[in-house]
Amino acid sequence: LQFIPYTDRLDYLASMSNNMVYCLAVEKLMQVTLPPRAEYIRVIMAELNRIASHLVWFGTFALDLGAITPFLYAFREREKILDLFEMTCGQRLTYNYLRFGGVSCDISVKFIEDTKSFCKYFPPKVDEYDKLFSGNAIVIGRTKNIAVLSKDKAIDYGCSGPVLRGSGLKYDVRKDEPYSIYPSLDFAIPTGVTGDNLGRYLVRMEEMRQSVRIIEQAVEKIPAGEFIAKVPRIIKPPAGEVYVKIESPRGELGIFLVSDGSAKPYRLKIR
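Quick caveat, the model's predicted, so the values are computed rather than measured.

A. Representation of the pattern of salt bridges in the model. Under the counting rule described, the total for this entry stands at 23 salt bridges. When the shortest N-O distance is used, the salt bridge between R174 and E47 registers 3.2 Å. One end of the pair, R174, is in helix α9 (residues 173–176); the other, E47, is in helix α3 (residues 36–64), with 127 residues separating them in the sequence. Considered together, R174 and E47 belong to a single accessibility category, that of buried residues.

So this is what it looks like as structure tokens:
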């Protein structure tokens, strides 16, 4: 349990995803079944965090190309997501929110209402980014046919996430090796064809729209009930080993975990 805060720090911009993959690994060893409400909360948080992470990518990408305005816009929208996280767990960067068997505390009615409001507010902002940035001649000149990565080379290099999909391979752990409630949700996997900087940018922009689709469905379907399963106070998974992976904002994130039956992991490998 004391390791969960360290997972926050594997990737400061996607702490919820890091919490999630580690908890899933321990839960698989323990054969814990989560309450349905906990599964929905986790997915809502993970997709909000995906948007927040992509917004930092977009804003800093624009800065590197010499555009200041998109950076300010991206951080304006990201603040709304951080408000939702702070409302729930009191933190804005490293959340330590997930627990074995669920989450540390339930979400409020206000969180649901504010999340629905964000889902209405955000898509027009992405459209605004497109108008401001995507067709800009300077942007096209500095990204089109730049740093081209073919599909075969992306696979050979072990790429994953938006980089791999930008090269034309439609692979996403949420669809291809699904976990949690993702199989019950309707969303698309954006895939590029050019394998260049422009293609990877367009993939990430569309991924934010798809995350909104996922959040809207999860918020509408979320059931009542417990937000965490009953687990022992001292965690001693039976001896064994597991590998669990998820689709983080950066791509495939995996945990290889070995238990010798004690209260401390025998081995923990993060990929």
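B. Layout of the packing of helix α4 (residues 69–89) against helix α5 (residues 109–134). With their axes 11 Å apart at the nearest point, α4 and α5 run at an angle of 170° to one another. Here α5 runs roughly antiparallel to α4, going by the angle between their axes. Side by side, α4 and α5 meet where T69, P70, Y73, A74, R76, E77, K80, I81, L84, M87 and T88 of the first sit next to K110, F111, D114, T115, F118, Y121, F122, K125, E128, Y129, L132 and F133 of the second. Looking at the contact of α4 with α5 residue by residue, the classes come out as 13 nonpolar, three polar and seven charged.

C. Quick look at the layout of surface pockets. The computed volume of the largest pocket comes to approximately 320 Å³. If you trace the largest pocket, you find 18 residues lining it, with L1, Y22, A263, K264 and P265 closest to the centre. Every element with two or more residues in the lining of the largest pocket is listed here: α2 (15–30) and β4 (251–259). Of the residues that constitute the lining of the largest pocket, the class distribution is 13 nonpolar, three polar and two charged. Empty space within the second largest pocket amounts to approximately 180 Å³. For the second largest pocket, the full set of lining residues is L24, E27, K28, Q31, V32, L34, E39, Y179, S180 and V244. Ranked by residue count, the leading element in the lining of the second largest pocket is α2, at three residues. For the lining of the second largest pocket, the per-class residue count stands at five nonpolar, two polar and three charged.

Quick notes on the rules
Residues numbered from 1 in each chain as written. Predicted model: local features only at pLDDT ≥ 70, side-chain atom pairs only at ≥ 80, totals over all residues. Heavy atoms only, no water. Salt bridge = Lys/Arg side-chain N within 4 Å of Asp/Glu carboxyl O. Helix = DSSP H or I, 4+ residues; strand = E, 2+ residues; numbered from the N terminus. Buried < 20%, exposed > 50% of the residue type's maximum accessible area, 1.4 Å probe, protein only. Axes fitted to C-alpha atoms, helices over the stretch in contact; angles between N-to-C directions. Parallel < 35°, antiparallel > 145°, perpendicular 65-115°, else oblique. Contact = heavy atoms within 4.5 Å. Nonpolar A, V, L, I, M, F, W, Y, C, P; charged D, E, K, R; others polar. 1 Å grid on protein atoms, 1.4 Å probe; cavity = no way out; pocket = protein on both sides within 12 Å on 5 of 7 lines; lining within 4 Å. Points joined across faces, edges and corners; volume = space filled by probe spheres on them.

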